[in-house]
Each structure stands twice: as structure tokens, then as C-alpha cells.
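# Secondary and tertiary structure notes
Here is what each chain is made of, one letter per residue.
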Amino acid sequence: MGYELWTEKYRPHTLDEMIDQDEIVTRLKSFVKAKNVPHCIFAGPPGTGKTTAALCLAHDLYGENYREYIMELNASDERGINVIRETVKTFARTKPIGEVSFKLLILDEADNMTDDAQQALRRTMERYSETARFILIANYSGKIIEPIQSRCAPFRFTYLPAEAVANRIKYICEREKVEITDDGIEAIIELAGGDLRKTLNILQTAASTGKPVTADLVYAVVGKANPAEIRDMMLTALNGDFIAARNKLRELTRKYGLAGTDIIRQLHGEVFRLNIPDNWKVKLADVIGEVDYRLVRGATEEIQLSALLAKLVEAGYEMKKSLR
Amino acid sequence: MSSKSPPVPWTLKYKPKSLSEVIGNEESKKKIIEWLRSWEKGVPEKKALFIYGPPGIGKTATVEALANDFNMEIIMTDASTYRTEETVRRLAGRASQLGSLFGKKKLIVFDEIDGITGTADTGGLSEIIRVIENTRIPVILIANDAWDPRFASLRNISLLVEFKRLSVTEVTKHLARICAKEGIIAEEKALKFIAERSSGDVRSAVLDLQALAQGKDRLTYDDVSWLAARDRKEEIFNVLRMIFYAKSATSAKMAVNMADVDIDMLLEWIYENIPYHIKNPPELAAAMDAISKADLYRGMLKETGDYTFLRYIIDWMTAGVAFSWSRKATGWVPFKFPERVKTASATKEEREMLEEIGRRIGKRCHLSSSRAIVEVLPYLTIILHNNPKMGKRIARWLNLTDEMIEFIMKRAG
């Protein structure tokens, strides 16, 4: 077994190697053919190939030495206006040597840029569009200011379908000589849900034990945050113990590093399986949607999810009352 | 949280029963004993004793312990009752009349006389002076500030005794005694830290100790050091009380202005404490809904930098929370320190180490430092535990140093 992370080892290098996202790949290939790329926004959830697509595009456009023609910046680490004014400008200003007349600037996690920096970026994009093209990568394109959006070709990435993920898992297991069962594959897909980075991280972590990868192993090793624990947290709340439920939530997020969006997704799946009246299922689904929306607006995961747990406490209480 | 009997504040549980248990202010205590003894030879020249000094250093406790030692009964009023001319006279009358009927001698104590107000307690102060002039039994006055101009006449007819802030050593010793009785093994450094922060206020130090140590077997410096960033606790506790038990929406909102903490931190305090005070499920859900709305506006403020959202944050976290429930206290409920803040306030070095690890992983995996910490580090941690050899090789491929690897292993525990 190799000693690097599989997310990198198996990251596609060319557009031909890309998994799924066929429409996007076709459009990008046409850019390569024309040797012209407009400013682009790649938007979509994590682990769906946005950064990979940008790098593959660069590879196909410039060839093996593509690194000399691109700059990869992460806006979360360098979100200030000064980076845009200095680093980006210096890079964008000069013409590259070679067949392609522009450089490529890949700005990852662009939705984390401040508004000021985005305004500065907008000017830079306009002024240097002869010598540099920008690919902005974001989870939510809505957080990118209108004037930039209107200057970019939009690409919407979606979660990979289960079948494509399953095929990728099988392919890697073959290469890495890892034994995996069907329910092991299902468990990984259940946990990662179309996020390929997460899929590979879970797979590699489970495989690192040296045992055959079964569903039990996946949940035991990685899972610690498995669906049963989420369900347990919900039942604790339904039974009226809010403080214990909140502590479980803290455990899930802190100890196991489970992201709020994962918990929400699983909660949503569980709500309709709970043994509660249908009108409460709908009410809770409404609250879950609201929480999801609020997280996009910058609210705090734990506080929002706690409010949801309190709603479950109320649901349990009302049910008991109506039984009396 | 266990559902044992409701906790008793340690300030009550460990209240001194005898003067020998009162810490500090030795000179002042001697002066008081002398004065009280002088009553055995008849009514002395100064019939009132005026004890003053900052809060929480044992003024009232001293008087109560003394009464215990001298087997005296205290007739006391404090700021919780009205003290008009009428009520003061009635109280003093009761004290002197009953004096000879029972075996116990009596002692009149007017506690917290700073709290006597001009309007609600009409004539209260001048009646206290009359009581002192006519008394046949000892009168003790207690205040934070004896030099308030309103007390000029009282000062003239009283023996002044000052109580000073307690030293760090004195407070530390007291905390150590409590820990011993509670069966808590505490690092001296931790207790000293709490003592230092209390600025000589032993009451707040004891309440802090309880909040930090109750239910634990051990108390280490790490358990308390994060407090450094926190503001004066009685201030924050008062603010929380004013919000949770607000009489009106306006008073709940006003509480924010009293706090010397920033809004962010106050929101965390309120969020942490809601379930301990608000138990009824529909009310709990409403209160959590209110605080989650405050949090939403906080998020929007951070995203946009637009401070108009601040007013909605304040509305929801104060009045919104207060009016989601009946605001009826059910016994004494201690305020808890926010867990979220505790975990977030790892030491600066730890945060920097984590960030650097995130940066290095991010560089390899095309991620920002923060996303690398959330999306990759947890898996690397598990691999390091299950298969250290493989984990270490991957870590090195990620350009992590041995020190970083050790840090990751330790962090996961």
C-alpha cells in the first residue's frame, strides 16, 4: 500500500480521467481545443471535482509544465484585499511565453473572500483579461458578488451518483489490493454521500487496519459517527434530555470531526423514519431546512443544531401529552 | 449532568461558623471583639460599629460568626427588605423589647446600608441614627463605602472598622480547604490562579471554584487557565440573571450595556445556560429558537460587516430569550461557563500548531488550512492510531514534522 493520501494519488491529471460531470468536461475540452478560456466560476459541494477540473484544464491546456502558467490561491487562507492588489496583480500583469496567450489563476474557496477583496478582484479581472483568466471555485456561488458572476461562465458541479462512486471505490481497491464487501461500499457511500474526497478518505482509513473493509469496519473505524449515533442523539432529545443530547452533538462534531452539513443530511434522513406523528415529521423537516439555510448565511453549526434538538424535545413532550 | 439534589452554593456551605474560620483582616477582627466585650461592662461610648470594605471579603460573615461565638441572636435587615423610618423603628423595638425575655443577648445589624435609597426607604437613615442614640444593645452597620456623604452623621457616632481585600495567599488557602473537604485534588497553581483573578474577593473566588471544580476529582491549571480571557464573573453572572429573569423587555436589553463582555461572548454564555434554567420543553424550544436567531444575525454581521444586524442580535439574545419562558426561578441554579468557548480557547501555541498542520496538509491536498483540519486531519488521526507506521509515512509525505505527529496523537487522546 502506498504512503500518500489516496485523494492525491488518485486525483485525475487530465480531463479524460475525470469521473462523471460529463457535461462540464465536454465544455472544458472545447476550451482546450479553442485554446481560449473565459473567466469561470466552478460552484458546487465539496469533493465533486472542482479543483481537480481546474487543474486538469490547466494540464490539457499548457501540457506537462502547466505549473509554470498557473497560480493557485486559496481565498480562505489569503482572503484579504492586499493579496488581490499585489500577488494577483503581479501574476496577472505579464504575458506568458508559448502558444496560449494567457495565464490561469485558480482562486479556490472564493466564497470566503471579503466583499472588498471581491470588488478589487473584479477590477483586476477586467483590466488584465488579455493576459490572465480566472477560475473561481466556490461551494456557494451566491456568495460571489453579482458583477463578478456576470463576467464569468458558470459551471455547476453536483454530487457524484452512487454508481460512479461505487465504481471508483472498486477501481481503487483493485489497485491497492484491498478486499471490500458490498455492504462496505454501501456504508462508505452512506457516510460520504457523493463527496469523492470524503469517500477516499474513509476508504483509506478503513483499509489502513489491514482487514477486509466491511460495513461494520467502516462504522467502527471511521464511522464512530455512524447513523446509529445520530439516531441515538435524536432519541435522547425526544425523550426530553436536552442537555445529554447537546453533549452528544458536541461529541459528534468535536471528537469525530463530523461537519454540520453531514449531521443535517443524516438527521433529515432519520426524521422520516422516526416513530412520531406525521405532522411533527413535517414540522421538523421545516426546521432542518431552516438550519441548513442559516448555515449558508454564516450561522454557527452547534447553536443551530441545538435549536433543532430543542424542537425534538418539544415534539417528544407534545406526543406524550397527547397520549395522556 | 446528574440529577442529584440541587447544588448548594459553596459560599453558603462553607460559611464560617466561628470567627477563627474567617480568613484575613486580623486587626479588624480584634477591634470588633474588643468593642463587643466592652458591652459587658455597660453601654460604651460608641454604641454602633461601622464595618466597611469592598464586597465579598467577609464583613457579614464576620458578624455572623461572631454572634455564634458570643451566643448572640442577630436582628438583621439587608437591602432585600424596605427600610423606611417605620420598619427600622419596628425592628429596633422588637430587638430591645425581647432582649430580656430570652437567654440570648441580641445584636442589631443593618447590612448593606449603601442600598438604602432616598425614595423607597424614606427616613430610613435618620431612623437608624435615632436607634443608635437610644439603644441598649450593640448595633452594627455594614457598607461598602463608609465615606458616602449620606453617612456623615452615622460616621460620627460609630466606631469605624475597615475590612481590606484579602491577599492571594489567604484566598488560595481557603480554596484549598474547600477542595480538601470536597475530595478534589487541586493543583496549587490552579487555585492561585482563581485567587489572583478574584482581586481579594473570596466570595467570587469560591463561586468560581465551584463552577469549575464541582463534580470533578481533579482540578488542574489547564482547567482554569482559559479563564484569563474572561471578564469579571459577578458582572457576567449579574447580566445573565438580568436577562434570564428579566422583568421587562427593556430591562433585558439594558443588561447588555452593563456587561463588560463582548456581545459574542455573552451570546455563548446565554446559549450554554438556557437548558439549565429553562426546562419546560415548549419554553426550551422557544428559547433555543431565540438564541439561534441571534446567532443567525451574528453570522450575517460577520459575513457582511454590516453592523445594523447588531440590534437584532441583541433583541433576540436578551428579550427574545427572556420572553420565551415564564421566568420563574426554581431554586438556585449556578451559571456554567460556555463549553464552546472553553474548547475554542486552546492555548495560542496549540492553535498555531494546528493551523500550521492545516496549512501543510492543505498545500498537498489543495485545501485551505481550516478545511484541511476539518476534512483531512480526522482521518489522518485515525490512521495514525490504527496503523502508526503507515500513518507516520503519510504524515511525512504531507510534510508534517515529528513534533506535529506527536501533537496530533496527543490531541485525539
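Residues numbered from 1 in each chain as written. Chains lettered and ligands numbered in written order. Predicted model: local features only at pLDDT ≥ 70, side-chain atom pairs only at ≥ 80, totals over all residues. Heavy atoms only, no water.

## Section: the overall build of chain B
Looking only at helices and strands, one finds 21 helices and 7 strands in chain B. Per-residue burial for chain B yields a buried fraction of 48% across its 413 residues. Across chain B, contacts joining residues at least 24 apart in sequence account for 75% of those joining residues at least 6 apart. In the form shown here, chain B has an accessible surface area of approximately 20300 Å², with 53% of it arising from carbon and sulfur atoms. (Helix = DSSP H or I, 4+ residues; strand = E, 2+ residues; numbered from the N terminus. Buried < 20%, exposed > 50% of the residue type's maximum accessible area, 1.4 Å probe, protein only. Contact = heavy atoms within 4.5 Å. Areas by Shrake-Rupley, 256 points an atom, 1.4 Å probe, with all protein chains shown as cover.)

## Points about the packing of aromatic side chains
Applying the stated criterion to the full structure yields 17 aromatic pairs over all chains. Judged by centre distance (6.5 Å) and plane angle (85°), the ring pair of B:Trp10 and B:Tyr14 falls under edge-to-face. Ring geometry for B:Phe193 and B:Tyr221: centres 5.6 Å apart, planes at 90°, overall edge-to-face. Of the two residues, B:Phe193 is situated in helix 8 (residues 188-197) and B:Tyr221 in helix 10 (residues 221-225); the sequence distance between them amounts to 28 residues. For B:Tyr221, a relative accessible area of 27% corresponds to the partly exposed category. Ring pairing ties together the aromatic residues B:Phe237, B:Phe244, B:Trp269, B:Phe335 and B:Phe337, which thus form one cluster. Above the face of the A:Phe91 ring, A:Lys103 is positioned so that its terminal group lies 4.6 Å from the ring centre. The ring of A:Phe102 has A:Arg133 lying over it, and the distance from NZ or CZ to the ring centre is 4.4 Å. (Phe/Tyr/Trp six-rings, centres within 6.5 Å; stacked < 30°, edge-to-face > 60°. Lys NZ or Arg CZ within 6 Å of the ring centre and 35° of its normal.)

## Side note on the side chain of B:Glu268
Inspection of the secondary structure assignment puts B:Glu268 in helix 13 (residues 263-277). Setting aside its immediate chain neighbours within four residues, B:Glu268 contacts A:Ile303, B:Arg298, B:Pro338, B:Arg340 and B:Val341.

## Some details on empty space enclosed by the protein
The final tally for this structure, using the stated rule, is 2 cavities of 30 Å³ or more. Considered as a void within the structure, the largest cavity measures approximately 400 Å³ in volume. For the largest cavity, the lining is made up of 27 residues, of which A:Arg11, A:Gly47, A:Thr48, A:Gly49 and A:Thr52 are closest to its centre. Elements that contribute at least two residues to the lining of the largest cavity include exactly helix 3 (50-62), strand 4 (132-138) and helix 9 (196-207) of chain A. Residue classes in the lining of the largest cavity are distributed as 11 nonpolar, 9 polar and 7 charged. The space that makes up the second largest cavity amounts to roughly 30 Å³. In terms of lining, the second largest cavity is formed by A:Leu5, A:Thr7, A:Glu8, A:Arg11, A:Arg197, A:Asn201, B:Cys365 and B:Val376. (1 Å grid on protein atoms, 1.4 Å probe; cavity = no way out; pocket = protein on both sides within 12 Å on 5 of 7 lines; lining within 4 Å. Points joined across faces, edges and corners; volume = space filled by probe spheres on them. Nonpolar A, V, L, I, M, F, W, Y, C, P; charged D, E, K, R; others polar.)

## Describing the interface of chain B and chain A
Each partner contributes residues to the interface: chain B has 48 residues there, and chain A has 51 residues. Each partner contributes to the roughly 4500 Å² buried at the junction of chain B and chain A, and carbon and sulfur atoms together form 60% of this total. Broken down residue by residue, the surface that chain B buries against chain A is led by B:Tyr271, B:His366 and B:Tyr379, which jointly contribute 16%. For the interface between chain B and chain A, the tally reads 5 salt bridges. A salt bridge links B:Arg371 to A:Glu109; the shortest N-O distance between them is 3.6 Å. Applying the counting rule to chain B against chain A returns 16 residue pairs in polar contact (both at pLDDT 80 or more). Within the residue set of the side of chain B that touches chain A, elements represented by two or more residues are helix 13, helix 14 (281-304), helix 16 (339-344), helix 17 (348-365), helix 18 (369-375), helix 19 (377-386) and helix 20 (388-397) of chain B. Considering each element in turn, the side of chain B that touches chain A owes the most residues, 15 residues, to helix 14 of chain B. When the residues that make up the side of chain B that touches chain A are grouped by side-chain class, the tally is 25 nonpolar, 9 polar and 14 charged. (Buried area = accessible area lost by both parts, 1.4 Å probe. Salt bridge = Lys/Arg side-chain N within 4 Å of Asp/Glu carboxyl O. Polar contact = N/O pair within 3.5 Å; in protein donor to acceptor, adjacent residues only side chain to side chain.)

## A word on the nonpolar core
Of all hydrophobic cores here, the largest spans 111 residues; its most connected members are B:Leu209, B:Leu219, B:Ile270, B:Ile274 and B:Ile291. Setting aside anything within four residues of it in sequence, one finds B:Leu219 in contact with B:Ile184, B:Ile185, B:Ala186, B:Glu187, B:Ala190, B:Leu191, B:Ile194, B:Leu209, B:Leu212, B:Ala213 and B:Val224. (Core = buried A, V, L, I, M, F, W, Y, C linked by side-chain atoms within 4.5 Å.)

## Section: the packing of helix 12 (residues 249-258) of chain B against helix 15 (residues 309-322) of chain B
Between two packed helices, the angle of one axis relative to the other and the distance separating the axes together describe the packing. Residue and element names in this part refer to chain B. The geometry of helix 12 relative to helix 15 is characterised by a closest axis approach of 8 Å and an angle of 135° between their N-to-C directions. Classed by the angle they form, the pair helix 12 and helix 15 counts as oblique. Of the two possible hands of crossing, helix 12 and helix 15 adopt the one that is right-handed. Residue-level inspection shows Ala-249, Ala-252, Lys-253 and Val-256 of helix 12 in contact with helix 15, the latter providing Ile-314, Asp-315, Thr-318, Ala-319 and Ala-322. Of the residues belonging to the contact of helix 12 with helix 15, the class tally is 6 nonpolar, 1 polar and 2 charged. (Axes fitted to C-alpha atoms, helices over the stretch in contact; angles between N-to-C directions. Parallel < 35°, antiparallel > 145°, perpendicular 65-115°, else oblique. Left-handed = near helix turned anticlockwise from the far one by under 90°.)

## Let's talk about the sheet that holds strand 1 (residues 48-52) of chain B
Residues and elements named next belong to chain B. Pairing is parallel in the open sheet, where 5 strands are placed in the order 2-3-4-1-5. Single-partner strands in this sheet number two, and they are strand 2 (72-77) and strand 5 (158-162). Pairwise comparison of adjacent strand axes, ignoring direction, gives a mean angle of 25° for this sheet. Both strand 2 and strand 3 (residues 105-110) contribute to a ladder of 6 bridges, which runs parallel. Bridging across to strand 3, Glu-73 finds its partner in Lys-106. Seen against the sheet, helix 3 (residues 59-69) touches strand 1, strand 2, strand 3 and strand 4 (139-143) and runs at an angle of roughly 150° to strand 2. Packed onto the sheet, helix 5 (residues 124-134) meets strand 1, strand 3 and strand 4 and runs at close to 150° relative to strand 4. (Pairing = 2+ DSSP bridges.)

## What to know about the packing of helix 7 (residues 162-176) of chain A against helix 9 of chain A
Residues and elements named next belong to chain A. Between helix 7 and helix 9, the shortest axis-to-axis distance is 11 Å and the interhelical angle comes to 40°. For the pair helix 7 and helix 9, the crossing hand works out as right-handed. Contacts between helix 7 and helix 9 pair Val-165, Arg-168, Ile-169, Ile-172 and Cys-173 from the former with Leu-196, Thr-199, Leu-200 and Leu-203 from the latter. Looking at side-chain class alone, the contact of helix 7 with helix 9 contains 7 nonpolar, 1 polar and 1 charged residues.

## As for the confidence of the model for chain B
Residue and element names in this part refer to chain B. Residue-level pLDDT values for chain B average 84, and 88% of them are 70 or greater. Looking over chain B, one finds the lowest element-wise mean pLDDT in helix 16, namely 69, and the highest in helix 15, namely 94. Across the interfaces of the predicted complex, the ipTM metric reaches 0.74, alongside a pTM of 0.52. (pLDDT = per-residue confidence, 0-100.)

## Observations regarding the pairing of strand 2 (residues 70-74) of chain A
Residues and elements named next belong to chain A. Of all 5 residues in strand 2, 4 are buried; the element is thus mostly enclosed. One ladder, built from 5 bridges, connects strand 2 with strand 3 (residues 103-108); its direction is parallel. Within strand 3, the position partnered with Leu-73 by the bridge is Leu-107.

## Some details on the pattern of salt bridges
Pairs can form between side chains of opposite charge once their charged atoms are near each other. This structure, assessed with the given rule, holds 36 salt bridges over all chains. Several salt bridges converge on common partners, so that one network encompasses B:Asp264, B:Glu268, B:Asp295, B:Arg298 and B:Lys302.

## With respect to unusual backbone geometry
Across the chain, the bulk of peptide bonds are trans and the bulk of non-glycine residues have phi less than zero. Residue and element names in this part refer to chain B. Here Glu-112, not a glycine, exhibits a phi torsion of approximately 50°, which is positive. Assignment of secondary structure puts Glu-112 in the loop between strand 3 and helix 5. Its identity is not glycine, yet Arg-327 carries a phi of approximately 60°, on the positive side. Along the chain, Arg-327 falls in the loop between helix 15 and helix 16.

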